[in-house]
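# Structural characterization, general
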Amino acid sequence: MTDKKPIISMRGIVKRFGGVVALNDVDLDAYAGEVLAIVGDNGAGKSTLIKILTGVYQPTEGAIKLDDQPLEMSSHADAIDVGIDAVYQTLALADHLDPAANMFLGSELTKKVLGITLLDNKKMRSETERVLMERLGVRLRSLDAQTDSLSGGQRQAVAIARAVYNTNLRVLVMDEPTAALGPQETARTLKLIKALKEQGLAVILISHSLDDVFEVADRVHVQRRGQNVGVVKTAESSTQEVLGMIVGAKEDAA
Ligand SMILES: Nc1ncnc2c1ncn2[C@@H]1O[C@H](COP(=O)(O)OP(=O)(O)O)[C@@H](O)[C@H]1O
Ligand SMILES: [Mg+2]
C-alpha cells in the first residue's frame, strides 16, 4: 500500500432487488498501488458490489467517496469519466474485428484527408501496439488477426488495454479474469495485474481462485451472504483462513 488515504471508500452500501437483499451494509476501501481481492461464494454480493462501484447499479443506501469527495454516478459512463472502469469475465470484444478496432471501438481515431474525415487505422494500430507493450508488457504476434483467433490471455490484454488507454484511469475492476484461462495464460494475466499495480492503479480483483488471490492481492475483502465478514492482508493470512471466512466456519462452530 503506497498511499494512506483510500482513492475509493464505500460506506454502508445496501442494495435490494425487490425483496432480495444483495448487499447489507458493506464498507470497502481501495488504495492506489494496491490489489484488493473480493472473494465469496456465489450469491455473496461480489458482482453487485462492483457494479455499484462502476456506476452500473445505484445503491439503495450508502455512499461512495472518491478522493474523499462524494461520488454520485448514474451510469457506467459516469464511472469511466472519473477514472473507474471494469473488465468483465465475459469480455465485450468484437470477435470479427482486429485488436486495434476493438481497442478503439466507439472512440475511433480519425484523420482528415483533403477535408474528408477518415479512420486513422495506422495510428490506432500503433497506439494499440504501444499501450499493450508499455503498460502491459504484451506483444501480439499479429495485429492483423481477428480477435477471436487470439488466446484467452491476449484477449484479456486487449480488453485491459482499452480500459487503461483512458489516461484518467485510476481504479480497474476485474471480475474473474482468469476463470476461463489455462495455467500459462493465468500466470500471464497475474503478471499483467502486478504491472498495473506498479503503475499506481488501484486494482480490484474478483476471483474464485485463492491461489491467484494470494499471489497478486495485498488485501482480501471477504463477502458472505451480502455482508463483508472481514478484510485480511494476504501477508498475514492464509488460504485456509480466508476459506473459513467464505464458508462461515467460525460462525458455524460458535
Ligand atoms: N439484477 C438482480 N435482480 C435480482 N436479484 C439479483 C440481481 N443481481 C443479483 N441479485 C441477487 O443478489 C445476490 C448477490 O448476487 P451477486 O452480486 O451476483 O453475487 P456474486 O457475484 O457474489 O455471485 C444474489 O442473491 C443474487 O441472486
Ligand atoms: Mg458474480
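Residues numbered from 1 in each chain as written. Chains lettered and ligands numbered in written order. Predicted model: local features only at pLDDT ≥ 70, side-chain atom pairs only at ≥ 80, totals over all residues. Heavy atoms only, no water.

A few words on the pairing of strand β1 (residues 8-17). Where burial is concerned, most of β1 is hidden: 7 out of the 10 residues are buried. Where β1 lies against strand β2 (residues 20-30), 7 bridges are found, and the strand directions are antiparallel. When the sheet's bridge partners are listed, Ile8 is paired in β2 with Ala30. One ladder, built from 5 bridges, connects β1 with strand β4 (residues 61-66); its direction is antiparallel. In the sheet register, Arg11 faces β4, and the bridge partner there is Ala63. (Buried < 20%, exposed > 50% of the residue type's maximum accessible area, 1.4 Å probe, protein only. Helix = DSSP H or I, 4+ residues; strand = E, 2+ residues; numbered from the N terminus. Pairing = 2+ DSSP bridges.)

For soluble globular proteins, the rule of thumb is that nonpolar side chains tend to be buried together. Judged by nonpolar contacts, the single largest core of 43 residues is most densely connected at Leu136, Ile160, Leu172 and Leu196. Element by element, the count of residues in this core is highest for helix α5 (residues 152-164), at 7 residues. If we skip the residues at most four places from it in the chain, Leu196 touches Arg135, Leu136, Ile160, Val164, Leu172, Leu201 and Val203. Membership of the second largest hydrophobic core comes to 27 residues, among which are Ile13, Ile38, Ala202 and Ile204. (Core = buried A, V, L, I, M, F, W, Y, C linked by side-chain atoms within 4.5 Å. Contact = heavy atoms within 4.5 Å.)

Taken together, the residues surrounding ligand 1 are Phe17, Val20, Ala22, Asp41, Asn42, Gly43, Ala44, Gly45, Lys46, Ser47, Thr48 and Tyr57. With respect to ligand 1, the backbone of Gly45 contributes an N or O atom lying 3.0 Å from an oxygen atom. Contacts to ligand 1 include Thr48, whose side-chain N or O atom sits 2.5 Å from an oxygen atom. Here ligand 1 loses 62% of its free accessible area of 560 Å² to cover by the protein chains. If you list the elements that add at least two residues to the shell around ligand 1, you get β2 and α1 (46-53). (Near = heavy atom within 4 Å. Polar contact = N/O pair within 3.5 Å; in protein donor to acceptor, adjacent residues only side chain to side chain. Areas by Shrake-Rupley, 256 points an atom, 1.4 Å probe, with all protein chains shown as cover.)

Attention shifts here to the domain arrangement of the protein chain. Accessible area lost when the parts come together is the quantity often used to give the size of an interface. Annotation of the protein chain at the domain level lists domain 1 (1-83 + 170-254) and domain 2 (95-167). Here the C-alpha centre of domain 2 lies 28 Å away from the C-alpha centre of domain 1. Domain 1 puts 12 residues into the contact, and the matching count from domain 2 is 14 residues. Of the roughly 900 Å² buried between domain 1 and domain 2 on both sides combined, carbon and sulfur atoms contribute 60%. (Domains from an automatic or database assignment. Buried area = accessible area lost by both parts, 1.4 Å probe.)

So, on to the packing of helix α4 (residues 121-136) against α5. Two numbers describe a pair of packed helices, the interaxial angle and the distance between the axes. Relative to each other, α4 and α5 sit at 90°, their axes nearing to 10 Å. When the axes of α4 and α5 are compared, the pair comes out roughly perpendicular. Of the residues in α5, those in contact with Val131, Leu132, Arg135 and Leu136 of α4 are Ala157, Val158, Ile160, Ala161 and Val164. Looking at the contact of α4 with α5 residue by residue, the class counts come to 8 nonpolar, no polar and 1 charged. (Axes fitted to C-alpha atoms, helices over the stretch in contact; angles between N-to-C directions. Parallel < 35°, antiparallel > 145°, perpendicular 65-115°, else oblique. Nonpolar A, V, L, I, M, F, W, Y, C, P; charged D, E, K, R; others polar.)

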